[in-house]
Amino acid sequence: MLLSGLSYFCTTPFDPIGVWPESKSFSDEGFGPIPSKWRGICDKGRDPSFHCNRKLIGARYFNKGYASRLTVPLNSSFETPRDNEGHGSHTLSTAGGNMVPGVSVFGQGYGTAKGGSPKARVASYKVCWPPINGDECFDADILAAFDAAIHDGVDVLSVSLGGSASNLFNDSVAIGSFHAAKKGIVVVCSAGNSGPNDATASNLAPWYITVGASTMDREFPSYVVLGNNLTFKGESLSAARLADKFYPIIKATDAKLASATNEDAVLCQNGTLDPKKVKGKIVLCLRGINARVDKGEQALLAGAVGMVLANDKTTGNEIIADPHVLPASHINFSDGVEVFHYVNSSKSPVAYITHPTTKLHTKPAPFMAAFSSKGPNTIIPEILKPDITAPGVSVIAAYTEAEGPTNQEFDNRRIQFNSVSGTSMSCPHISGIVGLLRSLYPSWTPAAIKSAIMTTATTLDNKAEPIMNATKSQATPFSYGAGHVQPNSAMDPGLVYDITTNDYFNFLCALGYNETQMSLFSKGPYKCHKNFSILNLNYPSITVPNLSGSVTVTRTLKNVGAPGTYIVHVQSPSGITISVKPNILEFKKVGEEKRFEVKLKVKKGKATKSYVFGKMIWSDGKHYVKSPLVVKAV
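Residues numbered from 1 in each chain as written. Predicted model: local features only at pLDDT ≥ 70, side-chain atom pairs only at ≥ 80, totals over all residues. Heavy atoms only, no water.

Observations regarding unusual backbone geometry
Most peptide bonds take the trans form, and the phi angle of most residues other than glycine is negative. Applied cut-off: The secondary structure listing takes helices from DSSP runs of H or I that are at least 4 residues long and strands from runs of E that are at least 2 residues long, numbered from the N terminus.
With an omega dihedral of -5°, the bond running from Ala365 to Pro366 counts as a cis peptide bond. Tracing the sequence through the fold places Pro366 in the loop between strand S18 (359-360) and strand S19 (388-391). Residue Pro386 is bonded to the preceding Lys385 through a cis peptide linkage, with omega at -5°. Looking at where Pro386 falls in the secondary structure, it is placed in the loop between S18 and S19. A positive phi angle, near 55°, is found at Asn203, a position not held by glycine. Relative to the assigned elements, Asn203 resides in the loop between strand S8 (186-190) and strand S9 (209-214). A positive phi angle, near 60°, is found at Asn407, a position not held by glycine. Its location among the elements puts Asn407 in the loop between strand S20 (395-398) and strand S21 (417-420).

Focus on the sheet that holds S8
As a reminder of what qualifies: By this definition, two strands are paired if DSSP reports at least two bridges between them. Only the stretch in contact is used when a helix axis is fitted, and all axes are lines through C-alpha atoms; the angle between N-to-C directions ranges over 0 to 180 degrees.
Reading across the sheet, the four strands line up as S7-S8-S9-S19 and stay open at both edges, with parallel pairing between neighbours. Of all strands in the sheet, those with a lone pairing partner are strand S7 (156-159) and S19, marking the two edges. Put simply, the sheet's adjacent strands are angled 30° from each other on average, direction ignored. Pairing analysis gives four bridges linking S9 to S19, with the strands arranged parallel. Following the sheet pairing, Ala213 is matched in S19 by Ala390.

Quick word on the domain arrangement of the protein
The criterion, for reference: Boundaries of every domain are those given by an automatic assignment or by a domain database.
Splitting the protein by domain gives domain 1 (5-217 + 365-491), domain 2 (221-353), domain 3 (500-534) and domain 4 (537-633). Once you take the C-alpha centre of each, domain 2 and domain 4 turn out to be 49 Å apart.

A short note on the nonpolar core
Quick reminder of the rule: Side-chain atoms within 4.5 Å are what join buried Ala, Val, Leu, Ile, Met, Phe, Trp, Tyr and Cys residues into a set we call a nonpolar core. Only protein chains enter the accessibility calculation, which uses a 1.4 Å probe. A residue is then buried if its area is under 20% of the maximum for its type, exposed if over 50%, and partly exposed in between. When checking whether two residues touch, look at their non-hydrogen atoms; a contact exists if any pair is within 4.5 Å.
Within the largest apolar cluster, 69 residues are counted, with the highest numbers of intra-cluster contacts made by Leu168, Trp207, Ile430, Ile453 and Leu508. Excluding anything up to four places from it in sequence, Ile453 contacts Ile209, Ile388, Ile430, Ile433, Val434, Leu437, Val485 and Ala490.

So, the state of the cysteines
Here, disulfide denotes a covalent bond that connects the sulfur atoms of two cysteines. Test applied: Any two cysteine sulfur atoms within 2.5 Å of one another count as a disulfide.
By the definition in use, this model includes four disulfides. In this model, Cys268 is linked to Cys285 through a disulfide, with the two sulfur atoms separated by 2.0 Å. Handedness here is read from the sign of the S-S torsion; for Cys268 and Cys285, about -80°, the answer is left-handed. Taken together, the residues Cys268 in the loop between helix H5 (262-265) and helix H6 (275-278) and Cys285 in strand S14 (residues 282-286) connect sequence positions 17 residues apart. Since its relative accessible area comes to 0%, Cys285 is described here as buried. Between the sulfur atoms of Cys509 and its disulfide mate Cys528 the distance is 1.9 Å. One quick way to see it: the torsion about the S-S bond of Cys509 and Cys528 is about -70°, and its sign makes the bridge left-handed. Here Cys528 lies in the loop between helix H14 (515-519) and strand S23 (542-547) and Cys509 lies in helix H13 (residues 501-510), a separation of 19 residues in the sequence. Assessed through its relative accessible area of 13%, Cys509 is described here as buried.

Focus on the packing of aromatic side chains
Working definition: an aromatic ring pair is given by the centre-to-centre distance plus the angle between the planes. Note the cut-off: Paired rings are identified among Phe, Tyr and Trp, the last through its six-membered ring, by centres lying within 6.5 Å, and are further divided according to the angle between planes into stacked (under 30 degrees), edge-to-face (over 60) and tilted (the rest). A positively charged side chain is recorded as over a ring if its NZ (Lys) or CZ (Arg) lies within 6 Å of the ring centre. The angle to the ring normal must also be within 35 degrees.
For the structure shown, the criterion picks out 20 aromatic pairs. Seen from their ring centres, Phe478 and Phe613 are 5.3 Å apart, and the 85° between their planes marks the pair as edge-to-face. Here Phe478 is found in helix H11 (residues 477-480), whereas its partner Phe613 is found in strand S29 (residues 611-619), with 135 residues between them in sequence. The exposure class of Phe613 is partly exposed, given its relative accessible area of 28%. Taking the ring centre of Trp20 as reference, the NZ or CZ of Arg82 above it sits at 4.7 Å.

Some remarks on the layout of surface pockets
To keep it simple, the criterion reads: Points on a 1 Å grid over protein atoms alone make up a cavity when a 1.4 Å probe fits among them but cannot get out, and a pocket when they form an open set with protein on both sides within 12 Å along at least five of seven lines; lining residues each have an atom within 4 Å of a point. Grid points are joined across faces, edges and corners, and a volume is the space filled by probe spheres set on the points. Three classes are used: nonpolar for Ala, Val, Leu, Ile, Met, Phe, Trp, Tyr, Cys and Pro, charged for Asp, Glu, Lys and Arg, and polar for all others, with Gly counted as polar.
The volume enclosed by the second largest pocket comes to roughly 800 Å³. Those elements that provide at least two residues to the lining of the second largest pocket are helix H2 (87-96), strand S3 (108-113), S20 and helix H9 (423-440). Among the elements that make up the lining of the second largest pocket, the one with the highest residue count is S3 (five residues). In the lining of the second largest pocket, the residues fall into 15 nonpolar, twelve polar and three charged.

With respect to empty space enclosed by the protein
Under the criterion given, the structure shown has three cavities of 30 Å³ or more. If you go around the largest cavity, the residues you meet are Ser222, Ser238, Ala240, Arg241, Leu242, Pro327, Ala328, Tyr352, Ile353, Thr354, His355 and Pro356. Here the lining of the largest cavity is built from residues that sort into seven nonpolar, four polar and one charged.

Some details on the sheet that holds S29
Sheet architecture is open: five strands sit in the order S23-S30-S29-S25-S27, paired in mixed fashion. Lying at the two open borders of the sheet, with one neighbouring strand each, are S23 and strand S27 (584-587). For this sheet, the mean angle separating the axes of adjacent strands, direction not counted, is 20°. Bridge count for S29 against strand S30 (residues 624-633) is nine bridges, and the pairing is antiparallel. Bridge pairing in S30 places Met616 opposite Ser627.

Some details on the environment of Asp244
Note that Asp244 resides in the loop between strand S12 (231-235) and strand S13 (247-251). Residue class for Asp244 comes out exposed when judged on its relative accessible area of 71%. Counting along the chain gives 125 residues from Asp244 to Lys119, while the straight-line C-alpha distance between them is 45 Å.

Some words on the side chain of Arg287
The line we're drawing: Counting of polar contacts relies on pairs of N or O atoms within 3.5 Å, with two restrictions inside protein: one atom must be capable of donating a hydrogen and the other of accepting it, and residues adjacent in sequence are counted only when both atoms are side-chain atoms.
Within the fold, Arg287 resides in the loop between S14 and helix H7 (292-301). Note on Arg287: relative accessible area 9%, which makes it buried. In this structure the side chain of Arg287 is engaged in a polar contact, spanning 3.2 Å, whose partner is the side chain of Asn311. Not counting residues up to four positions away in its chain, the partners in contact with Arg287 are Leu267, Arg292, Lys295, Leu309, Ala310, Asn311, Asp312, Thr315, Glu318, Ile320 and His330.

Concerning the UniProt feature "domain: PA" (unreviewed entry) in the protein
Keep this limit in mind: UniProt positions are given in the numbering used here, feature names are shortened, and annotations may be inferred rather than shown by experiment.
Those places that UniProt annotates as "domain: PA" (unreviewed entry) correspond, in this numbering, to residues 266-337. A distance of 13 Å separates the end C-alpha atoms of residues 266-337, which is 26% helix and 19% strand.

Things to note about the pairing of S12
In this structure, strand S11 (residues 221-226) lies alongside S12, joined through five bridges in antiparallel fashion. Directly across from Val225, in S12, lies its bridge partner Thr231. Linking two consecutive strands that pair antiparallel, namely S11 and S12, is a turn of four residues; a positive phi of about 75° is found at Asn229 within it.

Considerations on the pattern of salt bridges
What counts, and what does not: Counted as salt bridges are all cases of a side-chain nitrogen of Lys or Arg within 4 Å of a carboxyl oxygen of Asp or Glu.
According to the stated counting rule, one finds 17 salt bridges in the structure shown. With its nearest N and O atoms 2.8 Å apart, the salt bridge here joins Arg82 to Asp47. Taken together, the residues span a long stretch of sequence, with Arg82 in the loop between helix H1 (64-67) and H2 and Asp47 in the segment before strand S1 (56-61) at a distance of 35 residues. Exposure class is identical for Arg82 and Asp47. Each is buried.

Structure follows, in structure tokens:
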């Protein structure tokens, strides 16, 4: 049971991989009987060793859509909900895994692992499989899993799954999550890992929470020491150690096979390194294209004793601790430039890589991960995406023991917990928080819970400075939405922006959807309100993508706290005048709603043709109900 015990919560990661039931994160020690409301099953398929229990109360797999694209029948390895790659176990345990003491990754990050809702009952729905022409997750399987999860009685769906953006009537996650939201199920989705370019976010519908990825205040420093006495701080979770001495260091392009191109070799791609040139040396590789851990594997296979992995310009200062198969350190772009310069300018360049350590309370944190997908929303530009950001870099959680921590064939190591990065990892952080809020406020709608999380977020790091991107430029709501999540503040938001199912139907009508398209979301015919504006959906953020002259949008706030008088404060976007009427809202009881208008007006000669950002804050002196303002004049 969670917190007050008013409800229980099942988080269901729609992942390529399912779940590893043997993990301690899913032990049922100390759990009572499975709640009577649960209607799910444990479908073992052809995997007799798979099991559920009073913690992991359900597991299913869906592969009929996938099988329809194959030219040969599926073998027994596809008939199981088991996680053979680690992703599903990692995300599920991040959302709702038990408290497990004494966890580390090769001795680093030692402590107690726990999910956001550690007392939750959890279930897993496996919908993705090895790629067929690049496709891993098929609409039929995704929709079947949503239907099953809704039937089974889950409270929260954690969907670490995404693809290219598409119209909502062609988007299986948007359709399935709409039906879940109608039943009061909160759906949380990943924004995607296609950053740092703009307009790369996926999962763009307004009825779920879309999550970006940012860092946390923990690092695993591994230092690169050069022969000229310069030292650079990187990160790593390598288990192997170098002897305490200098080794020759060589650029991957200088170590390439004659048949390899410089473009492939600099990235340490498969089959580019010459063992005769690499043996006994540290190889200097550039980040990009192939996996970071794969570069280390290629270096080791060629006989290298270590690897320095340098960022390119786009990934900037985002360095990630990976469980490399050889001693390695991942350094940022500017430090990489220095290392490349040293190697280029020295006759006999040498280097040393220190064994990683764990460092806590690092600053600045958080900052946005370079890989985290960004807005603006390419399908509905009036809806800001992502909605929120949460930790998604070097997250330690449960893992499969069917593969090594790098997921490379070469990696024979097996560990129970692993460090992984991605918006797949930040999504279940929010799911765990949602589980706690559902337990605390079982009558709240999914929209109210989303509002509580968004309006209490922070846009400042632990140095009280604006959150930055990985390139040390200031991040915007297109990176972090409303900001970085603050779970304790979300428990007491004061006011919320609520949205009903009918509001969402009117929103779809305003998008111009026809009767056939609407039928994907509604069981029966729905009569549209002709005067509904997308801008007036009661969203916790306000986005006006094509402001000409002026426009007035409406919002409604619901009191979920003590009686109070709230005064509005506005930080206007550059070149835009914002006025709010009324500018004072008095709430006398819980559940009371107050409507207000926000007028946005272009300042003549002052506005640019690019997006500008501001903030609207309602406060009673105790609560600060914050909304991003995102505007582009035309």
